[in-house]
Amino acid sequence: MINAMINVMEGMRLALAEAELAGAGGDVPVGAVVLDATGTVVGRGHNQREALGDPTAHAEVVAIRAAAATLGEWRLVGCTLVVTLEPCVMCAGAVVLSRVDRLVFGAYDAKAGAVGSLWDLVRDRRINHRPEVVAGVLEAECAAVLTSWFEERR
């Protein structure tokens, strides 16, 4: 478990770097990475809704698509998705459908979170695939990136 946590912490720092790219591009600063079973990054993503004009271009979806392309497989069995913000309903659904084994997120999203805040889609017993969830990793740092970005726009 210690090696997995080292990979998760490093993964979250990479996700935070992705979030900074999103913010610099004018989008809400959320970043994500997908790690394979060895801790190797197989997908990266950040919010690109504004840049692409695509409402589905959330960090998680972008990273999951990149991982699937890298692995040549839509089933991301053995993989961990690391994201700076608790996934929304759409992204939680993508986590379930992509068969990610573990979901790690930083900050909770009280307005749209679907992994415990408003809903808990990924752990719903009616769902056929339920990944392990690790919440609150580098939570303060992840929340600070979002808070700072929104404060600059007010």
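Here's a quick rundown of the structure. Predicted model only: the values in this text are computed from it and were never measured.

Each helix and strand counted, the chain has five helices and five strands in total. Mapped from its N terminus to its C terminus, the chain presents α and β elements in the order α-β-β-α-α-β-α-β-β-α. Computed over its C-alpha atoms, the radius of gyration of the chain comes to 14 Å, within 12% of the 15 Å expected for a compact globule of 154 residues. With the C-alpha coordinates of the chain rotated into their principal frame, the extents come out at 40 × 35 × 30 Å. With 154 residues in all, the chain has 47% of them scored as buried. A separation of at least 24 residues holds for 57% of the contacts in the chain among residues at least 6 apart in sequence. Surface summary for the chain: the accessible area is close to 7,600 Å², and the carbon and sulfur share equals 55%. Charge separation in the chain, taken as the distance between the mean sites of 14 positive and 19 negative side-chain charges, equals 6 Å.

Attention now goes to the nonpolar core. In terms of nonpolar packing, the biggest core is built from 45 residues, with Met12 and Leu81 touching the most fellow members. Sorting the residues of this core by element identifies α1 (2-24), β1 (31-35), α3 (59-71), β3 (80-85), α4 (89-98), β4 (102-107), β5 (132-135) and α5 (139-153) as the ones contributing at least two each. Filtering out sequence-adjacent residues up to four positions away, Met12 remains in contact with Val82, Val83, Thr84, Val104, Phe105, Gly106, Val137, Leu138 and Cys142.

Further remarks concern a nonpolar patch on the surface. The grouping of Val89, Leu118 and Trp119 at the surface amounts to a nonpolar patch, some 290 Å² of accessible area in total. Structurally, Val89 is set in helix α4. A relative accessible area of 42% places Val89 in the partly exposed class.

Of all six residues making up β4, six are buried, and the element is well covered by its neighbours. Sheet topology note: the β3/β4 ladder contains five bridges and is parallel. Along β4, the bridge assignment pairs Val83 with Phe105. Between the parallel elements β3 and β4, the chain passes through α4 in a crossover that is right-handed.

Position of Pro29 among the secondary structure elements: in the loop between α1 and β1. Spatially, the C-alpha atom of Pro29 lies 12 Å from that of Glu50, the residues being 21 residues apart in sequence. Setting aside anything within four residues of it in sequence, one finds Pro29 in contact with Ala19, Ala22, Gly23, Thr84, Val145, Leu146 and Trp149.

Within the secondary structure, Leu103 is located in strand β4. In this structure Leu103 comes out as buried when scored by relative accessible area, which is 0%. For Leu103 and Thr80, which are 23 residues apart along the polypeptide, the C-alpha to C-alpha distance reads 5.7 Å. Beyond its immediate sequence surroundings of up to four residues, Leu103 is in contact with Leu81, Val83, Pro87, Val95, Val115, Pro131, Glu132, Val133 and Val134.

Analysis parameters
- Residues numbered from 1 in each chain as written.
- Predicted model: local features only at pLDDT ≥ 70, side-chain atom pairs only at ≥ 80, totals over all residues.
- Heavy atoms only, no water.
- Helix = DSSP H or I, 4+ residues; strand = E, 2+ residues; numbered from the N terminus.
- Rg over C-alpha atoms; globule rule 2.2 N^0.38 Å.
- Buried < 20%, exposed > 50% of the residue type's maximum accessible area, 1.4 Å probe, protein only.
- Contact = heavy atoms within 4.5 Å.
- Areas by Shrake-Rupley, 256 points an atom, 1.4 Å probe, with all protein chains shown as cover.
- Lys, Arg positive; Asp, Glu negative; His and termini not counted.
- Charge placed at Lys NZ, Arg CZ, Asp CG, Glu CD.
- Core = buried A, V, L, I, M, F, W, Y, C linked by side-chain atoms within 4.5 Å.
- Patch = residues over 30% accessible without salt bridge, like charges linked within 9 Å, V, L, I, M, F, W, Y side chains within 5 Å.
- Salt bridge = Lys/Arg side-chain N within 4 Å of Asp/Glu carboxyl O.
- Pairing = 2+ DSSP bridges.
- Right-handed = clockwise from strand over helix to strand, strands pointing away.

Note that all results are geometric; they support no functional claim without further evidence.
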